[in-house]
Amino acid sequence: MRPRWRTAVVAVLGLVSCFFATPALADHTPLPAQVTLVGSLQSELGCPGDWQPECAQTALAPVAGSPGLFRASFTVPAGSWEYKVALNGSWDENYGAGGAPGGANIPLAAPGGVLTFTYDHATHRIVDDAPRALGAEAAAHWVRRGLIAWQPPAAAVRFALYTAPSGGMSVADGAVVGGSAHPLGVRAAGLPSDVRSAFPHLAGFRALTVPASVPVASVLTGQVAVAAFDASGALVDATGVQIPGVLDDLYAGAARRTLGVSWSGRGVPSFALWAPTAQSVSLSVDGVGTVPMRRDRDGVWTAVGARSWRGASYVYSVRVFAPTTGKVETNTVTDPYSVALTADSTRSVLASLSDPALAPPGWARLRKPSAPAFTAAHVYELHVRDFSIGDTTVPAEHRGTYDAFTDRSSAGMRHLRSLSSAGVTHLHLLPVFDFATVPERRSDQAVPGCDLAALPPASEEQQACVEPVRPTDGFNWGYDPWHYTTPEGSYAVSPDGAARTREFRSMVAGVNGAGLRVVMDVVYNHTTASGQAPKSVLDRIVPGYYHRLTLTGQVETSTCCANTATEHRMMEKLMVDSVVTWARDYKVDGFRFDLMGHHSKANMLAVRHALDRLSLARDGVDGRSILLYGEGWNFGEVANDARFVQATQANMAGTGIATFSDRLRDAVRGGGPFDANPHLQGFGSGLFTDPNGDPVNGSPDEQRARLLLQQDQIKVGLAGNLRSYRFESRTGAVVTGAEVDYNGQPAGYAAAPAETVTYVDAHDNETLFDNLQYKLPASLPMADRVRMNTLSLATTTLSQGVGFWHAGTDLLRSKSLDRNSFDSGDWFNRVDWTGGSSTWGSGLPPRGDNEAKWSYMRPLLADPALKPAPADMAAAATGAADFLRIAGSSPLFALPSATEIQRRVAFPIGGPDQAPGVIAMTLDDTAGKDVDRRWERVVVIFNASPTATTQTVPGTAGRPYALHPVQAAGADPVVKSARYTGGGTFTVPARTVAVFVS
């Protein structure tokens, strides 16, 4: 995925490790010689200007008897200011909000008069004593009903919990005002081991004990704060409190409740909303009025309706304290467990997913394509709107909708059926849950006002015409979740109410009828909004719970938007319940988890367990056949297991849940997705063997060395990216996959082949064809570009594990070099399933994500020789399909375990003298249990070089070999000249993958 906000995030996709640590403590740096208050107020305090760390006029002085504490008082004029602290007269070491190194500026609303600023080197926090509302910062963490974790100033010796049912607490004149105080104790031993394990990012915090006399459940419905006092009784700090831990402790039983709307056998709806901090909750049903709700002991509010309510819209009215505003708010909000919505998601709709009226004909008896072993899965990734919006063979009212998948005679459906017959097993749909960025009524969707097709191929005009309508057009990838368990309305012919449920199910049936199982792209790692924002749902029901917060209480946004906290029990429950609903009630056959590394390994195992419990007899679904995979990238505030054991690439080994492998991707394509210079070449784009002449690739010796490393990385990928797989490396040594380097990380990380998704392009970044256009020599003829596209796809198709193609990549799909087409509109994302016209040369792609590379793009897009003709697209499609057929022709391409792969898959040509640009792979069925009844041995030669290669493959002599029947009878005349000449010697033409069988 990547919307525009993913640019910085995805730069770390397996390329580097990110470290987001907690604020450093006392031994981080020596005591500073100078501590300076820096900010927009310095010129008012006698400095020559603002933000000057060297200015002595705003220096803080050491506090006698308190090493590490610095303090000063200044007369600050009334107004709004910002500040932070800088050490030793420079910006080299500075701290902002929450004591974060280089952190955010701290806002100051000064009433006018003397203010005192105190810096604590133990926590790197600087605070002021200006009157302020409590709650903007929440640095204390209520982790259990009797325990609060906090890192107060070193001078703090006494602590108190402050509570205010209606909010409004503040700090004024050195005291907390507006609340009631409850003394807190101190646990000298610190946080208990189980708490440190559950909250590793708080492990070094002090442990404050809450007396049993505090009515915890009651005080949590209002504002809570913690204050610290020094030995003299002076207030030294006060902060708001984060409460997810104590909510999980108090209301653990809620995880066993059925939430949302459930229906009795007589068709009576019951409502259940978890809102443990709410002071009151009521239900507003259209045509009925306001219905009060009753609070259960587990924080769930309930009400029972009437049969006549079916189809009515409803919302909840939740009266709750909101830390972001510091007061009690009455929020009108939709149901987070909604299964139906009005158009544009303004109200939830009462619908039963078991209602026969919502089932298309034959739904109960739907026959699914057989579920392949996960290692035999081949996935095709598609966007619902892309699929049909420009397909004139689809009825106009169905274009861009779920219903387009019911039009069996359309060009798109014919293409899907051809892929299915060749060997694609799953159709992966980009987000189809309710998302926030597209008007759901077709009449509200803006369209560009230009004749885009008439504009020059390298023009700025196309993107300039698309730009004004992007926020309100009909296109977006959809990675901005609003309601997790309702189908997206903009893809529905009838977006209002539960009709979209029927349409979604018709789509599933249509895809299944084409021979493909359905994978759904799910995004539980963030929401489109938080706090009191209009499109915020979860945070307006239980403020501060569902989102992951920084140490000082701000919402984390490393994924782009408001990160969810699936480490919290009820957010995990929401995710698991949602996935089960899609699997059971919509018969979805697989799930791809966006930014899965931001979830915990435990989250993903909980999903797997819940799905495995679904059975055909009870649920109509075989849950064990459901495919799970996701992005196991390691970055952000959770990086390196900072808050839990993440669902990252290495951590998911042994779970059977797959992660995308960037290893083979980068080795085949060359470079990485975010190179400043896109001319970096790889195995599939001519590195060393067919240099493009750009100095960025280095000297010939450097290119050769890098290419041989890439060949090792590709071999590991072809063998399932296993950490334990042994083979002869480029050095001549026998190594394991884990010992092959990938940018300082192990290339091999999986324990079993089903744990790797092998790919060379996806919706993120440039398409494979566009990427090759950047990297291949400018003079290379189109026929050779087509061959390199096919060769690159063959590496994923013939690998062990889950294979993955981006939609249209088999047709040389181009997005006119757009590197992030999430909001680029239909023009830059269109596909011609007939292969009649290439979308290459559709103009320079949108400025925001692409302008830095426009200088590289212009000459390419303007060159008519680089635009594929229909014959080129046909050659690419038939060539790619042949490799699908080859992969499906032998179980040797879908081995079930690391043991079997080690026994049967080999790369017998290694060492420093191996041919650059050539990989030889053998698949052996001569030992052990017979796997392939047809062939005893398969030899695959990948020749990415521009000349024919002759390779003598050790261990293959003494047997006859013939070109694979698919290739011998296929449409590629070049591969038919590949020969086995005896004695283990094979000759393969340039830019060709030849498969021989014996």
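Residues numbered from 1 in each chain as written. Predicted model: local features only at pLDDT ≥ 70, side-chain atom pairs only at ≥ 80, totals over all residues. Heavy atoms only, no water.

### Looking at the overall build of the protein
Stage number 1. Along its length, the protein carries 21 helices and 51 strands.
Stage number 2. Taking 2.2 N^0.38 as the reference for a compact globule, 998 residues should give roughly 30 Å; the C-alpha atoms of the protein span a radius of gyration of 31 Å, in line with that estimate.
Stage number 3. In terms of principal-axis extent, the alpha carbons of the protein reach across some 95 × 75 × 60 Å.
Stage number 4. Split into buried and exposed, the 998 residues of the protein put 63% on the buried side.
Stage number 5. Of the roughly 33700 Å² of accessible surface on the protein, a fraction of 54% belongs to carbon and sulfur atoms.
Stage number 6. If the 84 positive side-chain charges of the protein are averaged to one point and the 92 negative ones to another, these points end up 8 Å apart. (Helix = DSSP H or I, 4+ residues; strand = E, 2+ residues; numbered from the N terminus. Rg over C-alpha atoms; globule rule 2.2 N^0.38 Å. Buried < 20%, exposed > 50% of the residue type's maximum accessible area, 1.4 Å probe, protein only. Areas by Shrake-Rupley, 256 points an atom, 1.4 Å probe, with all protein chains shown as cover. Lys, Arg positive; Asp, Glu negative; His and termini not counted. Charge placed at Lys NZ, Arg CZ, Asp CG, Glu CD.)

### Section: unusual backbone geometry
Stage number 1. Notably, Lys587 is not glycine yet its phi reads approximately 55 degrees, a positive angle.
Stage number 2. Here Lys587 lies in the loop between helix 9 (569-585) and strand 35 (590-593).
Stage number 3. Of note, the phi angle at Asn721 is positive, near 55 degrees, even though the residue is not glycine.
Stage number 4. With respect to the element layout, Asn721 can be found in the loop between helix 13 (700-718) and strand 38 (726-728).
Stage number 5. Judged by its relative accessible area of 0%, Asn721 is buried.

### Section: the state of the cysteines
Stage number 1. In the structure shown here, the tally under the stated rule is three disulfides.
Stage number 2. Residue Cys450 pairs covalently with Cys465 via a disulfide, S to S 2.0 Å. Taking the torsion about the S-S bond as the criterion, the Cys450 to Cys465 disulfide, at about 110 degrees, is right-handed. Highlighted residues: Cys450 in the loop between strand 30 (433-435) and helix 7 (461-466) and Cys465 in helix 7, separated in sequence by 15 residues.
Stage number 3. With a relative accessible area of 40%, Cys450 lands in the partly exposed category. (Disulfide = S-S within 2.5 Å.)

### As for the sheet that holds strand 29 (residues 426-429)
Stage number 1. The strand order around the closed barrel formed by eight strands is 28-29-32-35-36-37-42-43, and the pairing between neighbours is parallel. Sheet twist, expressed as the average angle between the axes of neighbouring strands with direction ignored, equals 30 degrees.
Stage number 2. Bridge analysis of strand 35 against strand 36 (residues 627-630) gives four bridges, and the strand direction is parallel. By the bridge assignment for strand 36, Gly590 is matched with Leu627. (Pairing = 2+ DSSP bridges. Axes fitted to C-alpha atoms, helices over the stretch in contact; angles between N-to-C directions.)

### With respect to the pairing of strand 28 (residues 378-382)
A regular strand places its side chains on the two faces of the sheet in alternate fashion.
Stage number 1. Of all five residues that make up strand 28, five are buried, and the element is covered over most of its length.
Stage number 2. Two elements, strand 28 and strand 43 (residues 802-806), share four bridges in a ladder whose sense is parallel. By the bridge assignment, Tyr380 is partnered in strand 43 with Trp805.
Stage number 3. Two elements, strand 28 and strand 29, share four bridges in a ladder whose sense is parallel. For Glu381, the partnering residue across the bridge sits in strand 29 and is His428.

### Concerning the nonpolar core
The tendency in soluble globular proteins is for nonpolar side chains to be buried side by side.
Stage number 1. The biggest cluster of nonpolar side chains holds 189 residues, and the ones touching the most others in it are Trp142, Trp274, Phe405, Phe591 and Phe593.
Stage number 2. Ranked by the residues each element gives to this core, the list is headed by helix 9, at nine residues.
Stage number 3. Val35, Tyr83, Leu108 and Phe117 belong to the second largest nonpolar core, which has 22 residues in total. (Core = buried A, V, L, I, M, F, W, Y, C linked by side-chain atoms within 4.5 Å.)

### A look at the environment of Ala971
Stage number 1. Summarising the element assignment, Ala971 is placed in the loop between helix 21 (965-968) and strand 49 (979-982).
Stage number 2. Taking the relative accessible area as the measure of exposure, Ala971 reaches 58% and is therefore exposed.
Stage number 3. Distance in space between the C-alpha atoms of Ala971 and Asn721 is 31 Å, their sequence separation being 250 residues.
Stage number 4. In this structure, Ala971 is in contact with Thr878 and Asp882, ignoring residues within four places of it in sequence. (Contact = heavy atoms within 4.5 Å.)

### Side note on the sheet that holds strand 47 (residues 949-952)
Stage number 1. Strand order in the open sheet made by the three strands is 47-50-49, with antiparallel pairing throughout. Edge positions in the open sheet fall to strand 47 and strand 49, since each of these has one partner strand only. Neighbouring strand axes in the sheet, compared pairwise and without regard to direction, differ in orientation by 20 degrees on average.
Stage number 2. Bridge analysis of strand 49 against strand 50 (residues 985-988) gives three bridges, and the strand direction is antiparallel. The residue of strand 50 that forms the bridge with Gly982 is Thr985.

### Observations concerning helix 19 (residues 870-888)
Stage number 1. Its 19 residues give helix 19 an end-to-end C-alpha distance of 27 Å, which sits within 8% of 27 Å, the value for a rise of 1.5 Å per residue.
Stage number 2. Buried residues in helix 19 make contact with strand 28, helix 6 (411-422), helix 15 (782-797), strand 43, helix 21 and strand 51 (992-997). (Expected span 1.5 Å × (residues − 1).)

### Description of the pattern of salt bridges
Stage number 1. Within this structure, the stated rule accounts for 41 salt bridges.
Stage number 2. Notably, a salt bridge pairs Arg847 with Glu460, separated by 3.3 Å at the nearest N-O pair. Remark: Glu460 occurs in the loop between strand 30 and helix 7 and Arg847 occurs in helix 17 (residues 847-850); sequence separation between them is 387 residues.
Stage number 3. For Arg847, a relative accessible area of 35% puts it in the partly exposed group.
Stage number 4. For Arg904, the salt bridge is made with Glu900, and the minimal N-O distance between the two is 2.7 Å. Note that Arg904 and Glu900 are positioned in helix 20 (residues 898-904) at a spacing of four residues, about one turn of the helix. Note on accessibility: Arg904 and Glu900 belong to one class, buried.
Stage number 5. Salt bridges sharing partners connect three or more residues here, namely Arg257, Arg294, Asp296 and Asp298. (Salt bridge = Lys/Arg side-chain N within 4 Å of Asp/Glu carboxyl O.)

### Section: the packing of aromatic side chains
Stage number 1. What the rule picks out here adds up to 35 aromatic pairs.
Stage number 2. A centroid spacing of 6.2 Å and a plane angle of 75 degrees characterise the contact between Trp150 and Phe159, whose relative ring orientation is edge-to-face.
Stage number 3. With a relative accessible area of 0%, Trp150 lands in the buried category.
Stage number 4. For the pair Phe660 and Phe804, a centre-to-centre distance of 5.1 Å together with 85 degrees between the ring planes defines the contact as edge-to-face. Of the two residues, Phe660 sits in strand 37 (residues 658-661) while Phe804 sits in strand 43, which places them 144 residues apart along the sequence.
Stage number 5. In textbook terms, an aromatic cluster arises when at least three aromatic residues are bridged by ring pairs, as seen for Tyr402, Phe435, Tyr491, Phe504, Trp582 and Tyr586.
Stage number 6. Over the face of the ring belonging to Trp827 we find Arg830, whose NZ or CZ atom lies 3.6 Å from the ring centre. (Phe/Tyr/Trp six-rings, centres within 6.5 Å; stacked < 30°, edge-to-face > 60°. Lys NZ or Arg CZ within 6 Å of the ring centre and 35° of its normal.)

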